[in-house]
Amino acid sequence: MHEGTATSTAHGGGHARHALQGASLFGLEEHDGRGVTRLHGFSAGRFELLPGAAQACVRVFPRRMFTSAGGRRIDRDVSAYHLDARGSFAYEVPTARRT
């Protein structure tokens with residue numbers, strides 16, 4: 001549950017259902033002393049609405065903490081995602097139309 005994931009599933013030609021999970025921002029370094037290392041990070045996102053469009057764009061910015069000799073830093077999570085030049089990925093969702 002502490003790893004970031006993004007999945008999209010569609011059944012029978014219906015609209016895709018999207019599930020997003022960011023890495024845990026806070027938590028223990030290891031779980032129950034078993035030596036299982038937890039990942040730390042977060043995902044930020046935004047909805048990009050275009051006037052008159054029947055779709056909206058959901059843009060997600062996944063970040064992860066990395067440890068190196070220089071210390072810890074939070075940066076783009078390219079280990080689990082294919083990110084664009086903005087350091088994000090995006091997908092479109094239908095919007096509800098009001099009549």
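Residues numbered from 1 in each chain as written. Predicted model: local features only at pLDDT ≥ 70, side-chain atom pairs only at ≥ 80, totals over all residues. Heavy atoms only, no water.

Engineer: Just checking my understanding: could you explain the nonpolar core for this structure?
Structural biologist: One broad trend across soluble globular proteins is that nonpolar side chains are buried collectively. Grouped together as the largest cluster of nonpolar side chains are seven residues: A56, V58, V60, Y81, F89, Y91 and V93. Looking at this core, the elements with two or more residues in it are β6 (55-68) and β8 (89-94). (Core = buried A, V, L, I, M, F, W, Y, C linked by side-chain atoms within 4.5 Å. Buried < 20%, exposed > 50% of the residue type's maximum accessible area, 1.4 Å probe, protein only. Helix = DSSP H or I, 4+ residues; strand = E, 2+ residues; numbered from the N terminus.)

Engineer: Would you mind showing me how to read the pairing of strand β7 (residues 71-76) here?
Structural biologist: For a regular strand, side chains alternate in direction, first toward one face of the sheet and then toward the other. Pairing geometry for β6 and β7, over six bridges, is antiparallel. When the sheet's bridge partners are listed, F66 is paired in β7 with R73. Between β6 and β7, which pair antiparallel one after the other, the connecting turn spans two residues. (Pairing = 2+ DSSP bridges.)

Engineer: Help me understand the side chain of S88, please; the structure alone is not making it clear to me.
Structural biologist: Secondary-structure assignment places S88 in the loop between β7 and β8. Here R59 takes part through its side chain, which lies 2.9 Å from a polar atom of the side chain of S88. The contacts of S88, once residues within four sequence positions are left out, are R59, V60, F61, H82 and L83. (Polar contact = N/O pair within 3.5 Å; in protein donor to acceptor, adjacent residues only side chain to side chain. Contact = heavy atoms within 4.5 Å.)

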